[in-house]
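# Structural overview
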Amino acid sequence: MFTALDISSPRWLNKSFACFFTMIIINKYLHKNYFKNLFKSNSKAINNPPNNSNNYTINENTDYPGPCAAFLSGEENCCGTIIRFTEFSDDQLENSHSWIQYAFPLQEPSQYNPKAPVLTDEEIKWIKSETGERARINLRLMYLRVLRFYGFEYKPLLEEVSLIPSDNFDERSKVWLTPFNHNYKRLTRILKCLILCGMENYAKELFDALKKLYQDHEDIIGDKTFDYWKQAVEISD
């Protein structure tokens with residue numbers, strides 16, 4: 001048999017206020033730390049995010065400022081879509097040489113693929129804006145895909161999440177960590193594109209990882225290549 005609750009009791013009021021303020025404090029803490037803790041506890045999901053391509057419908061009414069912005073936003077061109085590139089195998093990424101100019105466009109034409117479109121100032125401004133969010137999301141997906149190709153991944157270390165060599169780095173680096181490898185130029189392009197599109201934090205993290213790699217393999221990578229990487233992110237020691 002239940003007993004009626006006496007809400008006029010001071011004891012009941014004190015407990016109620018205590019619970020109320022406790023919930024406020026907990027909610028504030030969770031709001032502040034939610035994404036930080038989520039990022040730390042789901043490194044696998046961070047390095048292998050779902051592209052959700054089946055759930056995303058391109059807005060046919062979107063007025064893109066140029067072909068690069070359209071492609072990064074998910075529109076199809078002669079090469080397919082950027083989502084298609086994110087699903088490439090490691091062998092496809094290595095042996096195909098025309099995807100990089102579309103996935104990581106620059107403002108200067110490619111000598112290898114001069115037909116690939118180049119970024120305009122208007123497109124860069126649009127990609128950085130709220131309207132260009134989908135382009136930035138897809139570019140991030142592509143960036144994470146090439147990180148796995150090169151053998152890097154994000155992992156929680158102490159209080160931060162850092163970009164470090166993955167467990168299969170030794171295997172992956174055999175593909176590209178060799179003298180005069182064409183992937184060095186690809187990495188320069190990736191760094192430049194990330195900077196242009198307002199993703200400086202990713203460019204800095206990738207550069208830091210490459211800098212550590214260069215310090216251990218200076219004779220393989222070479223001073224000239226490292227200078228290109230450094231100039232790409234406009235970092236001077």
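Here's what I pulled together on the structure shown here. (Residues numbered from 1 in each chain as written. Predicted model: local features only at pLDDT ≥ 70, side-chain atom pairs only at ≥ 80, totals over all residues. Heavy atoms only, no water.)

## A look at the pattern of salt bridges
Pairing between side chains of opposite charge can happen when their charged atoms approach one another. Applying the stated criterion to the full structure yields 6 salt bridges. With a shortest N-O distance of 2.8 Å, Arg145 and Asp90 are connected by a salt bridge. Remark: Asp90 occurs in helix 5 (residues 90-95) and Arg145 occurs in helix 8 (residues 133-150); sequence separation between them is 55 residues. Its relative accessible area of 7% is what places Arg145 among the buried residues. Each of Asp90, Arg145 and Arg172 takes part in one network of salt bridges that share partners. (Salt bridge = Lys/Arg side-chain N within 4 Å of Asp/Glu carboxyl O. Helix = DSSP H or I, 4+ residues; strand = E, 2+ residues; numbered from the N terminus. Buried < 20%, exposed > 50% of the residue type's maximum accessible area, 1.4 Å probe, protein only.)

## What about a negative patch on the surface?
There is a patch of like negative charges on the surface, built from Glu218, Asp219, Asp223 and Asp227. At the level of secondary structure, the elements contributing two or more residues to the negative patch comprise helix 12 (218-221) and helix 13 (223-232). With respect to the secondary-structure elements, Asp223 resides in helix 13. (Patch = residues over 30% accessible without salt bridge, like charges linked within 9 Å, V, L, I, M, F, W, Y side chains within 5 Å. Areas by Shrake-Rupley, 256 points an atom, 1.4 Å probe, with all protein chains shown as cover. Lys, Arg positive; Asp, Glu negative; His and termini not counted. Charge placed at Lys NZ, Arg CZ, Asp CG, Glu CD.)

## A look at the nonpolar core
If you look at the biggest cluster of nonpolar residues, it comprises 61 residues, and the most contacted ones within it are Trp99, Phe104, Phe152 and Trp176. Sorting elements by how many residues they give to this core places helix 8 first, with 10 residues. When residues no more than four places from it in sequence are discounted, the contact partners of Trp176 are Tyr150, Phe152, Phe169, Asn181, Asn183, Tyr184, Leu187, Leu210 and Leu213. (Core = buried A, V, L, I, M, F, W, Y, C linked by side-chain atoms within 4.5 Å. Contact = heavy atoms within 4.5 Å.)

## A short note on unusual backbone geometry
In this model, Phe180 sits at a positive phi of 60 degrees, which is unusual for a non-glycine residue. Structurally, Phe180 is set in the loop between helix 9 (169-176) and helix 10 (183-196).

## Section: helix 13
Among the residues making up helix 13, those that are buried are Thr225, Phe226, Trp229, Lys230 and Ala232. Buried residues along helix 13 cover an arc of 160 degrees about the axis, so they all sit on one side. Seen from the open side of helix 13, the exposed residues pointing more than 90 degrees away from its buried face are Lys224 and Gln231. Looking at the buried side of helix 13, the elements it contacts are helix 10, helix 11 (200-216) and helix 12. Downstream of helix 13 by one or two residues, Glu234 has phi in the positive range, about 55 degrees. (Arc of directions from axis to C-beta.)

## Regarding the packing of helix 10 against helix 13
One way to put it is that helix 10 packs onto helix 13 with a least axis distance of 8 Å and a crossing angle of 10 degrees. Relative to helix 13, the element helix 10 lies roughly parallel. Residues Tyr184, Leu187, Thr188, Leu191, Lys192 and Ile195 of helix 10 touch helix 13, and the partners they reach there are Thr225, Tyr228, Trp229 and Ala232. (Axes fitted to C-alpha atoms, helices over the stretch in contact; angles between N-to-C directions. Parallel < 35°, antiparallel > 145°, perpendicular 65-115°, else oblique.)

## Some remarks on the pairing of strand 2 (residues 160-165)
In this structure, strand 1 (residues 152-157) lies alongside strand 2, joined through 6 bridges in antiparallel fashion. Counted as the bridge partner of Glu153 is Ile164 from strand 2. Counted along the chain from strand 1 to the antiparallel partner strand 2, the turn is 2 residues long, and its residue Leu158 has a positive phi close to 55 degrees. (Pairing = 2+ DSSP bridges.)

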